[in-house]
Structures are given as structure tokens and as C-alpha cells.
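# Fold and contact review
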Amino acid sequence: MFCQNCGNQIDDNSLFCPFCGCSAEAQPQMQSQVQPQMQNVAPAYNVPTEKKKMSTGMIVGIVCGVLAIIGLAVVLIILLVGDKKESKKADNKTTEEVTEATTEATEQTTVATTEATTEATTEATTEAANNEEAIKKANEGFSKVLDNNEAGIKRYTWQRGYNNNRSTPIAIYDLDSDGIEELIYMEAPNEYTANLHICAYSESGVNEILYREAVDAEVAGGTVFYLAKLEGSDDLLLYHSVSDEGYDEEFELLTKSTSGQYISNVNYSVSAYPNDDYTEMNTTYKKNGGTVSQSEVDSFINEKQGKIEVFLLYSEGEDINNMVSSKKEVSMTLDSARSKLGSTGNESSSATGQLGSLPISGEKEFIFASGAGAWSTSLYLKADGSFHGLYGDSDMGDTGEGYPGGTRYYSDFEGKFKNITKVDDNTYKMELDYYTTKQTVDTEEIYDDVLYKYSEPYGIYGGSTFYFYLPDKPVSELTEGFIGWSYGTIGDISGKSKLGVCGIYNESEDEGFFECSY
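Residues numbered from 1 in each chain as written. Predicted model: local features only at pLDDT ≥ 70, side-chain atom pairs only at ≥ 80, totals over all residues. Heavy atoms only, no water.

## Observations concerning the overall build of the protein chain
Looking only at helices and strands, one finds eight helices and 22 strands in the protein chain. Burial analysis of the protein chain (518 residues in total) assigns 37% to the buried set. Taking all contacts inside the protein chain whose residues are at least 6 apart in sequence as the whole, residues at least 24 apart take part in 52%. (Helix = DSSP H or I, 4+ residues; strand = E, 2+ residues; numbered from the N terminus. Buried < 20%, exposed > 50% of the residue type's maximum accessible area, 1.4 Å probe, protein only. Contact = heavy atoms within 4.5 Å.)

Listed below in C-alpha cells is the structure:
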């Protein structure tokens, strides 16, 4: 058959023309059309036939089309590369701007953080230093308080039972959570009552923020007490009970006032005493003096006792001991308190023979008198040995012209003891440094119809060496002269084993002053 496209004869079974590559599928149709024409033509073998070729215009067109396509591709590539470069430049610019902004923000943050950290660190360091200095000053102040009240603290011996010798009358605890602890202690002005004190430190120094008399006493059937801090606040619960034939209990809530003092916020009490024929107990329940129900009192007690954080101080009592055993308690001995405060104790009390001050608090009043007549000398003494006082004696029958009211001997004086030295646990030796009188001795004047004769201070005059005695001083160690002067002041002590109060002995004159107990 012949190729439909180029006219060359090809094998009848060919699928494609070997000359032009055209598909041979359509060849049968072509053969049927061409064959009749060839029937009248003599066969001519080996007669070459001319192949069809593509025209030059077509080739040029194809080449131009290809070049156009290549050119278009090149343009697109150039444009794409250009866009990418611009995009990269833009990206680089954006990156630079972002980097610059980030760097600047980082630098600002670093500076701010550094400044804030430095400021915070400085403030924290300053605050810590200030707090440390405040704690140091507080401890020094509390140590002095203990020194000045040493005698009274040591005199409190019945806290755990009479003569038990297990007294822990001191607590040191941060009541208001400000980082500086408070001092809580008991001191006994005599041998049967003990007072409660709480001291706090502020910029003005150590201040007493609570004072309560006779919280514990060795009287009648005895007393028991506890002082506890409540959780979540600086409130305190003070319990006090005294018993004899019946009993009186008080539960007192102590809160801080705006001035920083502890005051009584609410007071619940329970009193139970037998009736006249002792067949039953009559019990009353009160709140701040007004009668209330038992349930109200019980509710208050259960609530507050359930909130106890720590027992600060407490005395003997089975119920109290049971409660304390289930909670924390911080009471301690005088020696332990001094150790906690970093103190070795009163310089005059720490070792025999050392110079120091007297173990007293504030200003103590002493009386020198015989009990006969109207004369007496009052002496007001401080721990550093300084004193002032008044001597007076009256003779109302000694009258004259201008003074029908009689005659009065009078001395207004002040002075100081020096070289205070501890002799033993109950005795201090001191020397009279000086004294002066407000009015000139041996002069006189009439005032309000009374003749005043100004005199030497009786009891001080003529003395050079004096002794200061603590209440535990054995009477057997006292002179008869000193004991004899007790008649006119505190009563006869000759039959007692201990002095019982503080005393001052004028060795040269064998005269004695006794602490005023009223």
C-alpha cells in the first residue's frame, strides 16, 4: 500500500510509514482509492519516487516559535529572579528592622530588669540590714529588762507547784509576725503573787505593751493560768482561775489597740460556788460582766482554744498540761532566755565581785521608820544606784510665835550609790557617792503656821557603806539592828527564814530601809 501522507509504498502490515512516520491505520482506504488507477498502468519496479519535504518557511516559523518560547521563558525567569531578589531585599530589610527593634527592646528590658533587680536587691539588702539591726537592739533591750527584773523573775518559784524549782517564766516569740520577737515574762513582787508583762521593740526602744497584776498567786486553793497566741492573728487568749470552796474562771481575749497596746476585747467568766447548805453548786456565766448562757461561753471557749497556735506561758494544772501536750509551747528559764538573746546576764549578777547595777526594775520605794511617832524617811532607788527621797518628823506641841501649828523637821534630798558589787546571790555592796539637800541644813522658816527645820536625811546621813538585800536573803544573815527596824515598816521578820522584800542596810549606823509593799 501507499502512504496517504507522502505517497511512498509501504508494507501492508505497517502501522506507521517508514518514510514520514504517518499512521498507517487509514492506509486501507487509501489503497482502495489508489489501486484502481494503477490497474491500467504497467508495473514498474525500482522506479524511484520523490519524498515530500517540509518547506523552509515552515522550518523558520517553527524555529522562530521555539525561540519565542525560549525568550518568553527567559523573561519570566529574569522577572521571577528579580522578584525573588527584591523579596529577599525586602525580607532582609524587614529582618534587619525586626532585629534592630528586638535588640533595642532586649536592651531596654535588660536595663529595666537590671535596674529593677538592683533596686529590689538593694531594698531587700537594706531592709534585711535594718531588720538585723532592729533585732540586735531589741535583744539588747530585752536583756536589760531581764536584768532589771531578775530578782522578781527568780522569786516566782511556784509556777509548776510550790517549791518545784521548775520555773519557766519567760517566752520570746514573734506575736505580730513582723520579724522581731516580743518578750513575755512573769515577775513576783513578793512571795505569793506574780505579774505578767509583755514588752515589744520599736524605734523608740523597748515598750511594755501589756501589764497584768496577780495573774498567778500562791493563795487559798491556788491559781492556774495560761497565755496563748491564736492562729492567723496577733490576738492572745489569757486564762486565769482561782479556787477555794468554789472557783472563778476567766477567759480573756486580748487584742492590739491602734497604739500597739494589748487591751481586753472580751471577757467570759464562769463562777461556781456551793449554796448555803452545800447541797449543790450555783454556777453563773458572764460576758463582760453581763449574764449570758452556758452555751455562749462554751462556744467561745471551744472556738478560741481550737485556734491556739502556741502556749506562751502556763502554770500547773492537769487540764492545762493536757492541752499544752497537744500544742507547741515556748516557755523557758531565765538562763535559756539570756542565751537566746545573746546575753550573759546582769553584769552585777553574773559573777561575784564584778561591778554593775542593782537587779531592780524602774524605781523602787523603800521606807525607814520605827513605827513610833510620826517620823519616816522615804527613799526611791533606781538600778544605777541613783536615788531621791524625803525625810519628815513632826512635833505639833513645839509651838511659838508665828508657828502655832507646831514644828516639822524636813529634808528633801537626792544622791547616788557607787561601786555596786555583787557579794552573793542575795546581797550587793555599794558605797555612798554623794547626796545633796534641796534646802540648806540647819536653817529654818515658817510656812503655813508651821516652823520648818531643815535637817540631814535620817537613814542616809552618817553612812558610807550600804548593802542591798534581795527578798531571798536569809534572816539568819541579817544583823539584829537591821531586823529591829522591820517592826515599823513590814512587821517583825525575826521569826521568818527569809527577808521577803528588798532591803537597804546602812552599815555604819546599823539602820535599815525596807521595800514598800503597799
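The structure having been displayed, the exposition proceeds.
## Focus on the sheet that holds strand 2 (residues 182-187)
With antiparallel pairing, the four strands of this open sheet are ordered in space as 1-2-3-4. The outermost strands of the open sheet, each flanked by one partner alone, are strand 1 (170-173) and strand 4 (205-217). For this sheet the average axis-to-axis angle between neighbouring strands, irrespective of direction, equals 15°. Sheet topology note: the strand 2/strand 3 (residues 193-202) ladder contains five bridges and is antiparallel. Across the sheet, the residue bridging to leucine 183 is cysteine 199, located in strand 3. (Pairing = 2+ DSSP bridges. Axes fitted to C-alpha atoms, helices over the stretch in contact; angles between N-to-C directions.)

## Some details on the pairing of strand 7 (residues 247-256)
Here eight bridges tie strand 6 (residues 236-243) to strand 7, and the two strands are oriented antiparallel to one another. Bridge pairing in strand 7 links leucine 238 to glutamate 252. Count of turn residues in the strand 6/strand 7 antiparallel hairpin: three residues. Here strand 7 runs beside strand 8 (residues 262-274); their pairing, made up of 10 bridges, is antiparallel. In the sheet register, leucine 253 faces strand 8, and the bridge partner there is valine 266. Linking strand 7 to strand 8, which pair antiparallel, is a turn of five residues; within it glycine 260 sits at a positive phi near 90°.

## Quick look at the layout of surface pockets
The computed volume of the largest pocket comes to approximately 870 Å³. Around the largest pocket sit 36 residues that line it, and Pro189, Asn190, Lys364, Glu515 and Cys516 are the ones nearest its centre. If you list the elements that add at least two residues to the lining of the largest pocket, you get helix 3 (150-155), strand 3, strand 4 and strand 13 (363-368). Looking at side-chain class alone, the lining of the largest pocket contains 15 nonpolar, 11 polar and 10 charged residues. (1 Å grid on protein atoms, 1.4 Å probe; cavity = no way out; pocket = protein on both sides within 12 Å on 5 of 7 lines; lining within 4 Å. Points joined across faces, edges and corners; volume = space filled by probe spheres on them. Nonpolar A, V, L, I, M, F, W, Y, C, P; charged D, E, K, R; others polar.)

## Observations regarding the nonpolar core
Counting 35 residues, the largest nonpolar core has Leu381, Phe468 and Ile504 as its most contacted members. At four residues, the largest contribution of residues to this core is made by strand 20 (residues 465-469). Residue contacts for phenylalanine 468: discarding those within four places in its chain leaves Leu358, Pro359, Ile360, Phe366, Leu381, Asn426, Thr427, Tyr428, Met430, Cys502, Gly503 and Ile504. If you look at the next biggest cluster of nonpolar residues, it comprises 25 residues, including Tyr156, Trp158, Tyr173 and Leu254. (Core = buried A, V, L, I, M, F, W, Y, C linked by side-chain atoms within 4.5 Å.)

## Describing the pattern of salt bridges
For the structure on display, the rule yields 15 salt bridges. The shortest N-O distance in the salt bridge between glutamate 309 and lysine 229 comes to 3.4 Å. Remark: lysine 229 occurs in strand 5 (residues 223-230) and glutamate 309 occurs in strand 11 (residues 308-314); sequence separation between them is 80 residues. Through salt bridges with shared partners, one network takes in Asp147, Glu150, Lys154 and Arg338. (Salt bridge = Lys/Arg side-chain N within 4 Å of Asp/Glu carboxyl O.)

## Describing the sheet that holds strand 7
Read from one edge of the open sheet, eight strands run 10-9-8-7-6-5-11-12, paired in mixed fashion. Of all the strands in the sheet, just strand 10 (290-291) and strand 12 (328-329) have a single pairing partner and so form its edges. Note: strand 8 against strand 9 (residues 281-287), seven bridges, orientation antiparallel. Counted as the bridge partner of proline 274 is methionine 281 from strand 9. Across the sheet, helix 5 (residues 318-325) lies against strand 5, strand 6, strand 11 and strand 12, angled at about 135° from strand 11, the strand it touches most.

## Description of helix 6 (residues 334-341)
Taken as a whole, helix 6 has its buried residues at Leu334, Ala337, Arg338 and Leu341. Here the buried residues of helix 6 occupy an arc of 100° about the axis, which is enough to place them on one side. Turned more than 90 degrees off the buried face of helix 6, the exposed positions are Asp335 and Ser339. Of the residues flanking the end of helix 6, it is glycine 342, one or two places downstream, whose phi is positive at about 75°. (Arc of directions from axis to C-beta.)

## Quick word on unusual backbone geometry
For asparagine 288, which is not a glycine, the phi torsion comes out positive at approximately 50°. Look at aspartate 442: it is not a glycine, yet its phi comes out positive at around 70°. Aspartate 442 gets classed as exposed once you look at its relative accessible area, which sits at 71%.

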